[in-house]
Amino acid sequence: MTETPTMRPEEFWETRYRTTDRVWSGRPNALLVRETAGLRPGTALDLGCGEGADAVWLATHGWRVTGADISATALDRAATHAAAAGVTDRTTWERHELAPSFPRGRFDLVNVQYLQSPVELDQREVLRRAADAVAAGGTLLVVLHAGWPSWQTEPPFPHAFPTLRGVLDELALPEEHWSVETLESVRRTSTSPDGTEGFRDDNVWRLRRTD
C-alpha cells in the first residue's frame, strides 16, 4: 500500500494541477445532472469545484454559482472554462481550504462531489458547514466514492470510505428541518489506466432543508 502523501493540502493540489494541462474530463458529474434535473435554478455553491465542470454546467442551466477550491490554478482554469461557455456573469470563484475557511452566505443548492483526498481533509467538518450553507427550501447534494474500483488490487493510500447511514449520523440534521430525498448506492462503469474494465460504487445523498 502506498503511504499517504505528507505535503500540505494546498501544495499537493497545486502540484497536481500544475503538472498537467487538465486533471478532469471537463464534463459535469452524471449524478449532479441526474439529481438536479427537477430543481428550480437559483444560487448554488460548488465545493471542491476543481476546473469548474459542474459549476459551469449549472450556470449554463440558469444557476448563479460560486465555485470554491483550494487550488488557485484550478480556479484559473475554471474561470477560463466559464468564459468559453459564456457564463462569466453567472459564476464566481473563491479560493478556500473549506475547513479552515469557507464561502459565506446561504445557497439554494450546495453541491459536494467526490470531496475525498489523499492528504489532510476534515470531511466531517466540511459536510457540516455545507449543510449550514443551505438556504431554507434548498438542497444539499453529496456524492462520494463508496470504495475503490473493482480493478484496484492494492489501495494507493489509506482511506476510510463513508457509508450511507454513517454520513447521515455524522451530520445529525434535525428531522423536523430536513427531508431525505435520495439515499442510494450507485454502481457505474470504471476503466483502469491500462484499459481494464470494471466498476466503482458511489453513494448519493440528496437532502432538502424544509425551512
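This text goes with the structure placed above it.
Parameters at a glance
Residues numbered from 1 in each chain as written. Predicted model: local features only at pLDDT ≥ 70, side-chain atom pairs only at ≥ 80, totals over all residues. Heavy atoms only, no water. Salt bridge = Lys/Arg side-chain N within 4 Å of Asp/Glu carboxyl O. Helix = DSSP H or I, 4+ residues; strand = E, 2+ residues; numbered from the N terminus. Buried < 20%, exposed > 50% of the residue type's maximum accessible area, 1.4 Å probe, protein only. Pairing = 2+ DSSP bridges. Right-handed = clockwise from strand over helix to strand, strands pointing away.

Considering all chains together, one arrives at 10 salt bridges under this definition. Measuring nitrogen to oxygen at the nearest pair gives 3.8 Å for the salt bridge that ties Arg95 to Glu10. Placement of Arg95 in strand S3 (residues 91-95) and of Glu10 in helix H1 (residues 9-18) is noted, with a sequence separation of 85 residues between them. By relative accessible area, Glu10 is classed as partly exposed at 30%. For Arg206, the salt bridge is made with Glu181, and the minimal N-O distance between the two is 2.7 Å.

This part is about the pairing of strand S2 (residues 64-69). In terms of burial, S2 is largely enclosed, as five of its six residues are buried. One ladder, built from five bridges, connects strand S1 (residues 43-47) with S2; its direction is parallel. Each residue of the ladder has a partner; that of Ala44, found in S2, is Val65. One crossover worth recording links S1 to the parallel S2 by way of helix H3 (residues 53-60), and it is right-handed. Read from S2 through helix H4 (residues 72-85) to S3, the crossover connection turns out right-handed.

As a further point, take the pairing of S3. Here S2 pairs with S3 via five bridges, running parallel. Along S3, the bridge assignment pairs Thr66 with Thr92.

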